[in-house]
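Now for the letters of each chain:
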Amino acid sequence: MESFVAAPHPDLGRPGDVCPFMRNALRNGRVELRQWDATAGRVELDRILVSVREELAGDESAEAARRSVVVVPYGIPDDELIGLVQSVQRELKSSFVESGLMLGEFFPGNAAAGLHNSEFHPLASPVPLLGARHMAPTDLAFLAASDIPGDEALRLLGHYRRIFAGTLGDAAERKLAEAEERARAAVLAPSEARRLRSLADPAPGRVLHALAVLGVADHLATPRSAVQLSELVGAPAPVLDRILRAAATLDVVAPGPGDEWRLLPAGTLLATDTPGSLRAEFADNDMFALWTGFMHSVRTGEPCYPEVFGAPVFERITDAPEKLAAFHRQMHSRAHEMYEPLLELPVWPGTGLIVDVGGGTGALLELLLGLRPELHAVLVDLPEVVALSALPEHPLLSDRVRLRGADMLTDELPRGDVAVLAAVLHNWPDERAVDILAACRDAAPRLLIVDRVLAETGDRSGRLNDLLMLSACGGRERTRSGWSELLGAAGFRLEGVHEMPGAELSVLECGVAWPGRAGRRP
Ligand SMILES: C[S@@+](CC[C@H](N)C(=O)[O-])C[C@H]1O[C@@H](n2cnc3c(N)ncnc32)[C@H](O)[C@@H]1O
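Remember, predicted model here, so these are calculated numbers, not experimental data. (Residues numbered from 1 in each chain as written. Predicted model: local features only at pLDDT ≥ 70, side-chain atom pairs only at ≥ 80, totals over all residues.)

K.L.:
I'd love a proper account of the nonpolar core, names of residues and values included.
P.N.:
In terms of nonpolar packing, the biggest core is built from 67 residues, with V355, V357, A419, V420, L421, I436 and C440 touching the most fellow members. In terms of residues, this core owes the most to one element, helix α20 (residues 430-443), which gives 7 residues. If sequence neighbours within four positions are ignored, V357 has contacts with V380, M408, L413, A419, V420, L421, V424 and C440. Within the second largest apolar cluster, 36 residues are counted, among which are V31, F96, F107 and L157. (Core = buried A, V, L, I, M, F, W, Y, C linked by C-beta atoms within 7 Å. Buried ≥ 20, exposed ≤ 12 C-beta atoms within 10 Å, placed from the backbone. Helix = DSSP H or I, 4+ residues; strand = E, 2+ residues; numbered from the N terminus. Contact = placed C-beta atoms within 7 Å.)

This is how it looks when you write it as structure tokens:
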């Protein structure tokens, strides 16, 4: 005790004795030794320590802070004693701290690092023993040690805070608050790690992709076993079985009866002929491949689509008839969900000629003209796209719609009363968007934009779609002020933003801001 604990040490890393309290305690005869015959069993050791705890905690004398009790076990080999000392200290430490005490475990080879020098090992004593004493404010460092799990550290620090309430200086209060913060973060870490991993997990999407590619939902119109499905979809039954079991956790299929599998309501959306089918969308691998190039967009601000696929998006799909048809089938089937609620808004004209620019195959016009029998329209899109429109054959609408194949970036647009840009401008960076708007301004005195108005903060789906637009085509989602600025640059004024509860998109009503031909602000 005198030669090590109550003496300075060259490796300690600070001046003073290894234990700042011990010299005084020894001098005043306040170090009490208790022996414990380990052959008497662990229960006896617990009893000794509980009585040490109660005795020290109950000592409210002025001398209490200088008392130490050292419990020295003996009677069994050292390595067994060390195991005992460690486990008893682990189990009782918290109750000692709760009582305002510290309980330390000392033994040969204890590698616990000193506070001021990690090479110094203050708990490495020549024989195994346990030491108990009153807690001092400087013990914070031991309670906040990085190897203590967060929840335990929070408990210990809570006791410390209660015991020294109102007695700590500013610096100590700050250190305590920092330690609590670290412990809270450590408690949060595992659940946050789980949450982040699930956000980064591509597996659920890949399971749906596999089901869509294989056409599993089509074959589950009646329940089938993995073996029966295997022959129909061309994948080994054992793998199918695993995929179906994973898909069951996504609530698209369910097992039974027997070894058969059946579709759940969500799973029917993966079947080809379900209205609003998602099969083609999920079978397409482009979206997945696109995100592999995301870092190119992050580093350059440019779309990664041409890097990943070799050409800009509209060029590539326009050159591939199958892709073009699939894209527009998808746009068409999404139109109901995206546009139908917005058609109740009082912004749509009831008469006159509407020019739907970048109108695809005419999904919006079909809905709009269906509701307004006096309205006429021109559908403008790339020639290959308007060629896919079924509107000219529509039994009720064909005589009210004209088609115009044109490039909205370079060609003059047909004139009308109201121009419409639906889900178009978010595909383009500001410069090109201004060109498109300028062309619309030359075509009609009023403009309705159907697009997303991004919230300034939050708006997870909007923010993620913003990055999809960047990656796919260099486009962006815009906030209300972003829209005002863009429109202003093309000679329009934003006159109103019309929203429908629950709708992802809004209708922006725009009027001409300055007379004369459109273009950049004069
Ligand atoms: C996201 S889609 C929207 C289609 C339609 N407005 C809708 O909401 O269903 C974008 C449209 O812009 C068209 N587009 C792209 N580049 C174009 C261009 N240079 N000239 C005309 N249309 C173009 C595409 O062919 C496509 O139909």
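Moving on from the model shown.
K.L.:
Please give an account of the sheet that holds strand β5 (residues 224-225) that cites residues and values.
P.N.:
Spatial strand order, β5-β7-β6: 3 strands in an open sheet with antiparallel pairing. Strands at the two margins of the open sheet, each flanked by one partner only, are β5 and β6 (253-255). Where β5 meets strand β7 (residues 260-263), 2 bridges bridge the pair, whose relative direction is antiparallel. Bridge pairing in β7 places R224 opposite W261. Where helix α10 (residues 237-248) meets the sheet, its contacts fall on β6 and β7, and the angle it forms with β6 comes to roughly 110°. (Pairing = 2+ DSSP bridges. Axes fitted to C-alpha atoms, helices over the stretch in contact; angles between N-to-C directions.)

K.L.:
Requested: an account of the site of the ligand, with residues and values cited.
P.N.:
Surveying the vicinity of the ligand reveals 18 residues, the closest of which are M331, G358, G360, M408 and A423. Per-class residue counts for the shell around the ligand are 12 nonpolar, 4 polar and 2 charged. (Near = placed C-beta within 6 Å. Nonpolar A, V, L, I, M, F, W, Y, C, P; charged D, E, K, R; others polar.)

K.L.:
Can you tell me about the packing of helix α17 (residues 321-339) against helix α18 (residues 363-371), naming the residues and giving the values?
P.N.:
The description of two packed helices rests on the angle between their axes and on the distance between the axes. Their axes nearest at 8 Å, the elements α17 and α18 cross at an angle of 50°. With respect to their mutual orientation, α17 and α18 come out oblique. For the pair α17 and α18, the crossing hand works out as right-handed. Here M331, H332, A335 and Y339 of α17 lie close against α18, whose contacting residues are A363, L364 and L367. Partitioned by chemical class, the residues of the contact of α17 with α18 number 6 nonpolar, 1 polar and no charged. (Parallel < 35°, antiparallel > 145°, perpendicular 65-115°, else oblique. Left-handed = near helix turned anticlockwise from the far one by under 90°.)

K.L.:
I'd love a proper account of the environment of A472, names of residues and values included.
P.N.:
Note that A472 resides in helix α21 (residues 460-473). Separated by 169 residues in sequence, A472 and P303 have C-alpha atoms that sit 5.5 Å apart. Filtering out sequence-adjacent residues up to four positions away, A472 remains in contact with L290, P303, Y305 and V313.

K.L.:
Provide a residue-level description of the UniProt feature "domain: DUF6875" (unreviewed entry) in the protein, including the pertinent values.
P.N.:
The UniProt feature table records "domain: DUF6875" (unreviewed entry) at residues 2-171. Counting secondary structure, residues 2-171 comes out at 38% helix and 15% strand; the distance between its end C-alpha atoms is 32 Å. (UniProt positions renumbered as here; feature names shortened; annotations may be inferred.)

K.L.:
Account for the sheet that holds strand β12 (residues 446-451), with residues named and values stated.
P.N.:
Pairing between the strands of a sheet is mediated by backbone hydrogen bonds and can be parallel or antiparallel. Pairing is mixed across the open sheet formed by 7 strands, whose spatial order is β10-β9-β8-β11-β12-β16-β15. Of all strands in the sheet, those with a lone pairing partner are β10 (401-405) and β15 (492-498), marking the two edges. The mean angle between the axes of side-by-side strands here comes to 20°, regardless of whether they run parallel or antiparallel. Against the sheet, α18 engages β8 (352-357), β9 (375-381), β10 and β11 (418-422), with an angle of about 180° to β9.

K.L.:
Account for the UniProt feature "domain: O-methyltransferase C-terminal" (unreviewed entry) in the protein, naming residues and giving values.
P.N.:
What UniProt calls "domain: O-methyltransferase C-terminal" (unreviewed entry) maps, in this numbering, to residues 293-493. End-to-end, the C-alpha atoms of residues 293-493 are 37 Å apart, and along that stretch the chain is 44% helix and 17% strand.

K.L.:
Could you give an account of helix α6 (residues 170-200), naming the residues involved and the relevant values?
P.N.:
Along an α-helix, residues three or four positions apart point the same way, because every turn accommodates 3.6 residues. Compared with the 45 Å implied by 1.5 Å per residue over 31 residues, the 42 Å span of α6 between its first and last C-alpha is a close match. The largest bend in α6 comes to about 40°, at A189, with the proline P190 one to four residues further on. Of all the 31 residues making up α6, 2 are buried; the element is thus mostly uncovered. (Expected span 1.5 Å × (residues − 1). Bend = angle between axes of the 7 residues up to and from the residue.)

K.L.:
Describe the domain arrangement of the protein, listing the residues and the values that go with them.
P.N.:
For the protein, the assigned domains are domain 1 (22-186), domain 2 (203-283) and domain 3 (321-512). One C-alpha centre belongs to domain 1, the other to domain 2, and the line joining them spans 60 Å. (Domains from an automatic or database assignment.)

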